[in-house]
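Analysis of the macromolecular model
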Amino acid sequence: MFSMLICNYVVAAVFLVLAGCMMHGAAAFPMAMTEQGPGPGFWPFLLGAALALASVVLFVFSLVHREDLAMKQVALAREANRPVYKAMVLLVLFCAAIVLLGFFPAMVLFIPALMYLLKCRNRKWMAATTAGVLVFVYVVFGLVLNTQFPVSIFLE
């Protein structure tokens, strides 16, 4: 078991690093304002900055309340936490699948897998939800916002 204080410090550090990676990656894309709006790097950079700010807030909160948080224990191995860990593994696999298969094939695998993890067993609902999300993402991001979706490394 760990104290909540240690967990907060670890979470703040991990997400601060992740935020830095997001901002660094987004900085490779144009961020300047154009006729169509901000460049493609603007919103991911802003999201990374918000994540960095949230990490700093968590760190400062933990410093201010360190005595109380040091007394609280976190049981990471509880049965109730397992679905969360499975979802985290699923997200990592989804990210790898995006690189290997491309965005849309990865989504076709990810959405039903996540629904199954969340105890949805109705195949019609899984298929309809997957199709609906894919159409929504394609229309909004592909057609309206003209976003390029990641393709398989085998097709580059």
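The present account deals with the structure reproduced in this document.

About the cut-offs
- Residues numbered from 1 in each chain as written.
- Predicted model: local features only at pLDDT ≥ 70, side-chain atom pairs only at ≥ 80, totals over all residues.
- Heavy atoms only, no water.
- Phe/Tyr/Trp six-rings, centres within 6.5 Å; stacked < 30°, edge-to-face > 60°.
- Helix = DSSP H or I, 4+ residues; strand = E, 2+ residues; numbered from the N terminus.
- Buried < 20%, exposed > 50% of the residue type's maximum accessible area, 1.4 Å probe, protein only.
- Lys NZ or Arg CZ within 6 Å of the ring centre and 35° of its normal.
- 1 Å grid on protein atoms, 1.4 Å probe; cavity = no way out; pocket = protein on both sides within 12 Å on 5 of 7 lines; lining within 4 Å.
- Points joined across faces, edges and corners; volume = space filled by probe spheres on them.
- Nonpolar A, V, L, I, M, F, W, Y, C, P; charged D, E, K, R; others polar.
- Axes fitted to C-alpha atoms, helices over the stretch in contact; angles between N-to-C directions.
- Parallel < 35°, antiparallel > 145°, perpendicular 65-115°, else oblique.
- Left-handed = near helix turned anticlockwise from the far one by under 90°.
- Contact = heavy atoms within 4.5 Å.
- Expected span 1.5 Å × (residues − 1).
- Disulfide = S-S within 2.5 Å.

1. Some words on the packing of aromatic side chains
Each aromatic ring pair is specified by the distance between its two centres and by the angle formed by the two planes. Inspection of the entire model under this criterion finds seven aromatic pairs. An angle of 65 degrees between the planes, with centres 6.3 Å apart, marks the rings of F104 and Y138 as edge-to-face. Here F104, found in helix α5 (residues 103-117), pairs with Y138, found in helix α6 (residues 123-144); they are 34 residues apart in sequence, far enough to count as distant. With a relative accessible area of 25%, F104 lands in the partly exposed category. Residue class for Y138 comes out partly exposed when judged on its relative accessible area of 41%. Following the ring pairs from residue to residue traces out a cluster consisting of F103, F104, Y138 and F149. It is R121 that lies over the ring of Y116; its NZ or CZ is 3.7 Å from the centre.

2. Considering the layout of surface pockets
The calculated volume of the largest pocket comes to roughly 700 Å³. If you tally residues by element for the lining of the largest pocket, the top one is helix α1 (residues 4-26), at three residues. Grouping the amino acids of the lining of the largest pocket by side-chain chemistry returns ten nonpolar, eight polar and no charged. What the second largest pocket holds in volume is close to 230 Å³. Surrounding the second largest pocket, V10, V11, V14, F15, L18, M88, L91 and V92 form its lining. Contributing elements (two or more residues each) for the lining of the second largest pocket: α1 and α4 (82-101). By residue number, the principal contributor to the lining of the second largest pocket is α1, which donates five residues. Class assignment for the residues of the lining of the second largest pocket results in eight nonpolar, no polar and no charged.

3. Digging into the packing of α5 against α6
As a packed pair, α5 and α6 sit with axes 9 Å apart at the nearest point and diverge in direction by 140 degrees. As judged from the angle between their axes, α5 and α6 are oblique. As for how α5 packs across α6, the hand of that crossing is right-handed. Within the contact between the two elements, α5 uses F103, F104, M107, V108, I111, P112, M115 and Y116 and α6 uses W125, M126, T129, T130, V133, L134, V137 and Y138. Its residues placed into classes, the contact of α5 with α6 shows 14 nonpolar, two polar and no charged.

4. Considering the environment of P150
Within the secondary structure layout, P150 lies in the segment after α6. For P150 and L5, which are 145 residues apart along the polypeptide, the C-alpha to C-alpha distance reads 38 Å. Among residues more than four places away in sequence, those in contact with P150 are I98, G102 and F103.

5. Considerations on the environment of L5
Within the secondary structure, L5 sits in helix α1. Taking the C-alpha atoms as reference points, L5 and F61, separated by 56 residues in sequence, lie 9.8 Å from one another. In this structure, L5 is in contact with S62, R66, L69 and A70, ignoring residues within four places of it in sequence.

6. What about α4?
For α4, built from 20 residues, the straight-helix expectation of 28 Å at 1.5 Å per residue is met to within 8% by its first-to-last C-alpha distance of 27 Å. Looking at the buried residues of α4, the elements they touch are α5. G102, located one to two residues past α4, shows a positive phi value of around 105 degrees.

7. Remarks on the state of the cysteines
Applying the stated rule across the entire model yields zero disulfides. Cysteine C95 remains unbridged, with the sulfur of C21 as its closest cysteine sulfur at 13 Å. With relative accessibility at 49%, the residue C95 sits in the partly exposed group.

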